[in-house]
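Inside the fold
Here is what each chain is made of, one letter per residue.
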Amino acid sequence: MKKLYFICVVFLAGSVNAADVTRYPNEGSSLPIASAVEVDGILYHSGVIPSAANPELERSEQAYWGDTEAQARSVFSKIEVSLIAKGFTMGDIVKLTVFLVGDPNAGGRMDFQGFMSAYTDYFGAHTNGLLPARSVVEVAGLVFPGMFVEIEIMASHSEK
């Protein structure tokens with residue numbers, strides 16, 4: 001029995017080490033996280049936040065970031081650029097996890113319609129009908145006040 005256990009442990013350890021892993025640096029950031037990690041053709045992408053819609057304003061002002069739709073478009077654009085740089089496309093996305101913050105202009109609730117406007121544009125034209133699984137959750141806040149959207153993704157080159 002001990003021999004069988006030892007053989008299983010050695011076999012499993014060897015198969016874990018055999019995985020093809022690529023870690024992509026988080027360019028322009030001093031945070032100790034990767035922008036993405038690819039394991040055997042599956043890309044696990046860290047959360048992507050929007051760029052400033054009105055960079056001349058103070059970062060603490062909501063107008064600096066724009067509304068939910070503008071932020072979602074910014075995030076999807078950044079995701080697309082990041083995927084292309086890593087050899088993937090929007091059509092390779094298999095899972096989206098979307099974090100939305102309540103908008104004071106929407107009574108403190110997430111602006112799901114604004115998000116869906118951007119989402120529909122990207123996952124109609126850009127993916128040729130290859131739709132991802134998706135979760136959308138409302139959260140209390142993100143890294144900066146006025147930021148309403150963060151999206152993390154998983155992508156895969158393998159399509160059945």
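Note that the structure is a prediction, hence the values are computed from the model and not measured.

**So, the overall build of the chain**
The helix and strand inventory of the chain stands at four helices and six strands. Along its sequence from the N terminus, the chain presents helices and strands in the succession α-β-β-β-α-α-β-α-β-β. Counting across all 160 residues of the chain, residues that qualify as buried make up 31%. Partitioning the contacts of the chain with sequence separation of at least 6, the portion at a separation of at least 24 is 69%. For the chain, the computed accessible surface area is about 9,500 Å², with 59% contributed by carbon and sulfur atoms.

**Details of the layout of surface pockets**
Considering only enclosed or pocket space, the largest pocket measures out at about 730 Å³ in volume. Lining the largest pocket are 27 residues, with Asn26, Gly47, Val48, Ile49 and Lys78 sitting closest to its centre. For the lining of the largest pocket, the elements supplying multiple residues, two or more each, are strand S3 (42-48), helix H2 (62-65) and helix H3 (68-85). With five residues, the top contributor of residues to the lining of the largest pocket is H3. Taken together, the residues of the lining of the largest pocket sort by class into 14 nonpolar, eight polar and five charged.

**A short note on the packing of aromatic side chains**
One pass over the full model with this rule turns up nine aromatic pairs. Ring centres of Trp65 and Phe144 lie 5.7 Å apart, and the angle between their planes is 20°; on these two criteria the pair is classed as stacked. Taken as a pair, Trp65 in helix H2 and Phe144 in the loop between strand S5 (133-139) and strand S6 (149-156) lie far apart in primary sequence, 79 residues in all. Ring centres 6.2 Å apart and planes at 55° place the aromatic pair Phe76 and Tyr119 in the tilted group. Taken as a pair, Phe76 in helix H3 and Tyr119 in helix H4 (residues 112-125) lie far apart in primary sequence, 43 residues in all. Under the relative-accessibility criterion, Phe76 is labelled buried at 0%. What links up through ring pairs into an aromatic cluster is the set Phe76, Phe112, Phe115, Tyr119, Tyr122 and Phe123. Its end group placed over the ring of Tyr24, Lys86 keeps NZ or CZ at 5.1 Å from the ring centre. Seen from the ring of Tyr119, Arg134 lies directly overhead, with NZ or CZ sitting 4.5 Å from the centre.

**A look at the nonpolar core**
If you look at the biggest cluster of nonpolar residues, it comprises 26 residues, and the most contacted ones within it are Phe76, Ile79, Leu83, Leu96 and Ile151. Mapped by element, the contributors of at least two residues to this core are S3, H3, strand S4 (93-101), H4 and S6.

**Overview of the sheet that holds S6**
Read from one edge to the other, the open sheet built from six strands follows the order S1-S2-S3-S6-S4-S5, with strand pairing classed as mixed. The strands lining the two open edges of the sheet, one partner per strand, are strand S1 (21-24) and S5. Averaged over all pairs of adjacent strands, the angle between their axes in this sheet comes to 10°, without regard to strand direction. Alignment of S1 against strand S2 (residues 36-39), held across four bridges, turns out to be antiparallel. Residue Tyr24 lies in a different strand from S2, and its bridge partner there is Ala36. Packing of H3 onto the sheet brings it into contact with S3, S4 and S6, and relative to S6 it is tilted by some 30°.

Calculation criteria
- Residues numbered from 1 in each chain as written.
- Predicted model: local features only at pLDDT ≥ 70, side-chain atom pairs only at ≥ 80, totals over all residues.
- Heavy atoms only, no water.
- Helix = DSSP H or I, 4+ residues; strand = E, 2+ residues; numbered from the N terminus.
- Buried < 20%, exposed > 50% of the residue type's maximum accessible area, 1.4 Å probe, protein only.
- Contact = heavy atoms within 4.5 Å.
- Areas by Shrake-Rupley, 256 points an atom, 1.4 Å probe, with all protein chains shown as cover.
- 1 Å grid on protein atoms, 1.4 Å probe; cavity = no way out; pocket = protein on both sides within 12 Å on 5 of 7 lines; lining within 4 Å.
- Points joined across faces, edges and corners; volume = space filled by probe spheres on them.
- Nonpolar A, V, L, I, M, F, W, Y, C, P; charged D, E, K, R; others polar.
- Phe/Tyr/Trp six-rings, centres within 6.5 Å; stacked < 30°, edge-to-face > 60°.
- Lys NZ or Arg CZ within 6 Å of the ring centre and 35° of its normal.
- Core = buried A, V, L, I, M, F, W, Y, C linked by side-chain atoms within 4.5 Å.
- Pairing = 2+ DSSP bridges.
- Axes fitted to C-alpha atoms, helices over the stretch in contact; angles between N-to-C directions.

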